[in-house]
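Geometric and topological summary
Here is what each chain is made of, one letter per residue.
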Amino acid sequence: MSLHPRQHGAAAESSSTSSAASASSSSSSGYTGSGTKSSHGSSGSGGVNRTELMPRYFWYAVAGAVALCVLGRVLGWARVYLRRRARRARAAEKPAPRSAGKLLRVAGAAQAAWDNVCYLRVLPLWVYASTTPAEWVWTLGYIGGTLGLGFWSSYSNGKLDYANPMGIVAFAQIPLITALSARTNVLSLITGVSYEKLNYLHRASARVCVLASWLHTIGWLVKGLGTKHGPHSILFQTGAVSLIGCTIMLLTSFAIARRIMYEAFLITHILMAFVFIIGAYYHWSRLGYWCWAGFVPWALDRVLGFVRIAYIACSWRLFGRGAETQCTVELVDEQVLRITARRTHFKWKAGQHAFITMPSVATLRYEQHPFTMLNVPNEAGEVVFIVRAHGGFTKRLRDKLTSDVSHDLALYLDGPYGEPHSLAHHDAVVLVVGGTGITYGLSHFLALVQAPADAGVRRVVLLWNVRHAAHAAWIAPCVNATLAKAKSHVDAEIRVHVTRSHVADEPSEPAGITGLAAVSPGFESERGPAHDSVPSLGARSASTGLSPSGSSEALDEKADADAEARAIGDAAARCGLDAPARAVVSFHRGRADVGAVLGDAARGTDGTVAVGVCGPTALVLDARRAALAVNSAAAVARGQARVEFYSESFSW
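Everything numeric in this text was worked out from a predicted model, so none of it was measured. (Residues numbered from 1 in each chain as written. Predicted model: local features only at pLDDT ≥ 70, side-chain atom pairs only at ≥ 80, totals over all residues. Heavy atoms only, no water.)

**Digging into the overall build of the chain**
For clarity, the threshold we go by: A run of H or I in DSSP becomes a helix once it reaches four residues, and a run of E becomes a strand once it reaches two; helices and strands are each numbered from the N terminus. Per-residue accessibility, obtained with a 1.4 Å probe over protein chains only, is compared with the maximum for each type, and a residue is labelled buried under 20%, exposed over 50%, and partly exposed between these values. Here the accessible surface of atoms and residues is derived via Shrake-Rupley with a 1.4 Å probe, and residues count as covered only by protein chains that are part of the display.
Of the regular secondary structure elements, the chain holds 21 helices and 15 strands. Taken over 652 residues, the chain has a buried fraction of 51%. In the form shown here, the chain has an accessible surface area of approximately 29500 Å², with 62% of it arising from carbon and sulfur atoms.

**Notes on the sheet that holds strand S5 (residues 353-357)**
Test applied: In this description, strands pair whenever DSSP reports at least two bridges between them. Axis lines are fitted through C-alpha atoms, for helices just across the contact stretch, and the angle between N-to-C directions can take any value from 0 to 180 degrees.
Here we have 3 strands laid out as an open sheet, ordered S6-S5-S9, and antiparallel in their pairing. Here the strands that pair on one side only, and so sit at the sheet edges, are strand S6 (369-372) and strand S9 (412-417). The mean inter-strand angle of the sheet, taken between neighbouring strand axes irrespective of direction, is 30°. Strand direction decides the pairing type here: S5 and S9, joined by 4 bridges, are antiparallel. If you follow Phe355 over to S9, its bridge partner there is Asp414.

**As for the confidence of the model for the chain**
Formally: What pLDDT expresses is the predictor's confidence in each residue, scored from 0 to 100. Contacts are assigned to residue pairs that have any heavy atoms within 4.5 Å of one another.
Across the chain, pLDDT averages 78, with 76% of residues at or above 70. Considering only residues more than four positions removed or in separate chains, one finds that residues 1-42, a stretch of pLDDT under 50, has 211 contacts. A low-confidence stretch, residues 506-550 stays under pLDDT 50, and its non-local contacts, those more than four residues away or across chains, total 83 contacts.

**Some details on the side chain of Arg183**
So the rule is basically this: By the criterion applied in these results, polar contacts are pairs of N or O atoms within 3.5 Å in which, for protein atoms, one can donate a hydrogen and the other can accept it, and in which residues neighboring in sequence qualify only through two side-chain atoms.
With respect to the helices and strands, Arg183 occurs in the loop between helix H6 (163-181) and helix H7 (186-191). Residue Arg183 is classed as buried on the basis of its relative accessible area of 16%. Side chain to side chain, Arg183 and Gln368 meet in a polar contact 2.7 Å long. Side-chain polar atoms of Arg183 contact the side chain of Asp414, separated by 3.1 Å.

**Comments concerning the pairing of S5**
With 5 of its 5 residues buried, S5 lies for the most part within the structure. Burial of S5 is two-sided: the residues His353, Phe355 and Thr357 facing one way and the residues Ala354 and Ile356 facing the other way are all buried. Where S5 and S6 come together, 4 bridges link them in antiparallel fashion. By the bridge assignment, Phe355 is partnered in S6 with Pro370.

**Notes on the pattern of salt bridges**
What counts, and what does not: Each reported salt bridge corresponds to a side-chain nitrogen of Lys or Arg within 4 Å of a carboxyl oxygen of Asp or Glu.
Counted according to the given criterion, the structure contains 18 salt bridges. Among the ionic pairs, Glu648 bridges to Lys197, the shortest N-O distance being 2.9 Å. Taken together, the residues span a long stretch of sequence, with Glu648 in strand S15 (residues 642-648) and Lys197 in the loop between H7 and helix H8 (199-223) at a distance of 451 residues. Of the residues examined, Glu648 reaches a relative accessible area of 13% and is grouped as buried. Between Glu324 and Arg342 there is a salt bridge, with its nearest N and O atoms 3.6 Å apart. With Glu324 in the loop between helix H12 (288-312) and strand S3 (326-333) and Arg342 in strand S4 (residues 336-342), this pair connects stretches of sequence that are 18 residues apart.

**Let's talk about the sheet that holds strand S11 (residues 459-466)**
Here we have 6 strands laid out as an open sheet, ordered S13-S12-S11-S10-S14-S15, and parallel in their pairing. Since the sheet does not close on itself, it has two edges, and those belong to strand S13 (585-589) and S15, each with one partner. Averaged over all pairs of adjacent strands, the angle between strand axes in this sheet comes to 15°, irrespective of strand direction. As defined by bridge partners, strand S12 (residues 491-498) adjoins S13 across 5 bridges and the pair is classed as parallel. Note that in S13 the partner of His497 across the bridge is His588.

**Focus on the packing of aromatic side chains**
Stated precisely, the cut-off is as follows: Working definition: rings of Phe, Tyr and Trp (its six-membered ring) pair if their centres are within 6.5 Å, and the pair is stacked with planes under 30 degrees apart, edge-to-face with planes over 60 apart, and tilted otherwise. Counted as over-ring charges are cases with an Arg CZ or a Lys NZ within 6 Å of the ring centre that also lie within 35 degrees of the ring normal.
Considering all chains together, one arrives at 16 aromatic pairs under this definition. On the basis of an interplanar angle of 85° and a centroid distance of 5.3 Å, the ring pair of Tyr281 and Tyr282 is categorised as edge-to-face. Both rings, one in Tyr289 and one in Trp290, keep their centres 5.3 Å apart while their planes meet at 40°; by these two values the pair is tilted. Above the ring of Phe355, the side-chain terminus of Arg183 is found at 3.6 Å from the ring centroid. A cation sits over an aromatic face here: Lys223 above Trp220, 3.6 Å from the ring centre.

**Remarks on the nonpolar core**
As a reminder of what qualifies: To form a nonpolar core, buried Ala, Val, Leu, Ile, Met, Phe, Trp, Tyr and Cys residues must be joined to one another through side-chain atoms within 4.5 Å.
The biggest cluster of nonpolar side chains holds 47 residues, and the ones touching the most others in it are Leu442, Phe445, Val460 and Ile494. Secondary structure elements with two or more residues in this core: strand S7 (382-388), strand S10 (428-434), helix H14 (438-449), S11, helix H15 (476-483), S12, S13 and strand S14 (608-614). Element by element, the count of residues in this core is highest for H14, at 7 residues. Look past the residues within four positions of Leu442 in its chain and what remains in contact with it is Leu374, Leu462, Ile475, Cys478, Val479 and Ile494.

**With respect to the environment of Trp59**
Relative to the elements of secondary structure, Trp59 occurs in helix H3 (residues 50-91). On the accessibility criterion, Trp59 (26% relative accessible area) is partly exposed. Note: C-alpha distance between Trp59 and Leu176 (117 residues apart in sequence) is 9.5 Å. The residues contacting Trp59, other than those within four sequence positions of it, are Ala172, Pro175, Leu176 and Trp290.

**Concerning the pairing of S7**
Across the 7 residues that make up S7, a large majority, 6, are buried. Alignment of S4 against S7, held across 7 bridges, turns out to be antiparallel. For Arg338, the partnering residue across the bridge sits in S7 and is Ile386.

**Re the packing of helix H19 (residues 594-603) against helix H20 (residues 617-630)**
Each pair of packed helices gets described by two things: the angle between the helix axes and the distance between those axes. Filter applied, for reference: A crossing counts as left-handed when the near helix is turned anticlockwise from the far one by less than a right angle, and as right-handed when that turn is clockwise. Residues are grouped as follows: Ala, Val, Leu, Ile, Met, Phe, Trp, Tyr, Cys and Pro are nonpolar; Asp, Glu, Lys and Arg are charged; all remaining types, including Gly, are polar.
Contact geometry of H19 with H20 gives a least axis separation of 9 Å together with a crossing angle of 35°. The handedness of the crossing between H19 and H20 comes out as right-handed. When H19 is examined against H20, the residues Val594, Gly595, Leu598, Gly599 and Ala602 are found in contact with a partner set consisting of Ala623, Ala626, Ala627 and Val630. Along the lines of polarity and charge, the residues of the contact of H19 with H20 split into 7 nonpolar, 2 polar and no charged.

**Description of the side chain of Ser154**
Within the secondary structure, Ser154 sits in the loop between helix H5 (133-152) and strand S1 (155-156). One polar contact links the side chain of Ser154 to the main-chain carbonyl oxygen of Gly150, over a distance of 2.7 Å.

**Let's talk about the packing of H5 against H6**
The line we're drawing: Roughly parallel means an angle under 35 degrees; roughly antiparallel, over 145; roughly perpendicular, 65 to 115; everything else is oblique.
At a minimum axis distance of 8 Å, the contact between H5 and H6 shows a crossing angle of 140°. By the angle class used here, H5 and H6 are oblique. Note on packing geometry: the crossing formed by H5 with H6 is right-handed. Between H5 and H6, the residues in contact are Tyr142, Thr146, Leu147, Gly150 and Phe151 and Pro165, Met166, Val169, Gln173 and Leu176, respectively. Looking at the contact of H5 with H6, its residues break down into 7 nonpolar, 3 polar and no charged.

In structure tokens form, the structure reads like this:
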């Protein structure tokens, strides 16, 4: 294998960032060392060097996309302002003119149609159904546009020479790849899009980089390698190392690999990223500024993370005395842990997450794992997490416990992270979660019931799909503490749906616990219709009056109803729910009927309805289908409230 050294093209060869074969080809890049026009097709007939212009055009396109996102954020702020203004007008009994109302309905219908096409429509499973059409458009547009620029710069004077231009394409991706992977990044700050939601673009840019690196390599292999830049040259060897590094990152980054061996994936990803970038730098150092531009966001993110950890733990206090590093870990279920830590300097918003470091549990002493906070900030400075023991770190944490409660484990927090949506400006909010996805749903629920009266939200419903009714005990302390002083202007409800379906996404049934049957005699989790429900305690008590006939059947029905009401009340008590919480929490058999709840909410308000979902793929897809059915443009045009959909990733 030998690369033919035609010229010392810094730019073209540099692109071989990841390309092994390109290693020796780098000297034969598209320009001379001085940047003048090369002889093999990097310039057009007008004398313009396309290879030199290509990365500039690429970053112009990136800047334009960011500007569109910023514009969308500004328009979102304006929309929230107009909603609040309209709500104040309604409260003051100042109805808008009929023409204005009609115009708003037309605009709302257009927005609903757009949302349905871009965000709610569920694609066939073979197209990877959990991805929205909008994400596919962004991903394919990015990949197609970037590779198109690369081939555009490769064609000149009737010849296609893509080896060097594709190498430059690979180099130009490095800053974007690292910026999109950083938890603290400028893109999230100015666009309001959380870094984890930009992850699909991180994957897209990385795949472009790998593909361009291989094209760069193949291009030079086809053209031939000279003896001076063959396998024994530094140029070839560094290119090969870089190509191997990025290829390993690609092969170990698929979802199945992340699920099976997350920690191994993380370690491999970081190590191979260094191999890739360092190899690319030494492969063609004249384009090393791309490598430095990629290293800076990562290094800044790590430094800021360390500063946050030290600040939250109050590490400046002398010799650690008074430092806040301890936590309480409770085994609330066979496979579920509740972690409570007191951190007076840690503030966050509902829906945000933090990275946990527990040196005594971690395989690598300072490895970090992301978890969403279950509660909202309180006067005691407590932060609560619900963690399910899958494997790896979470399994080691469970095995570390010597009793059901442990107080001697050190915990460090880095965060908060994420750009959560504010749901308080919607008139009604429906939260749909499954299993330990309750951390997302309950944090928003608690924030909304404590929202000020002028925030706008008037109704919030939390639908929680679980395997066992006893799981309500996970959230009891947080619910009790918040509802004891909740604002009366919010109509709040938590519906616990006990189901064996995948929307609950819980571990196998713990020994000795059989769902509602354990707390309610004669109750079978999946018996009867899918959405048949057991009324809440208050609703059941109201429905147990005698029929006018006073028949024995009516007396029997009343006795059965009273017995079931007592059983359900006993279930709530055994879950640790106080009286205010029991008035809000109800238990139901079968998965939640999201469409019915959402339809009632949309028809019962004049404003907008927000749907927040966090759970397994089956649950997210069900919620998207339900929102799509309710949020029809025709219904919104007739005056129905428009639905806005928010989905959070359940797994990392």
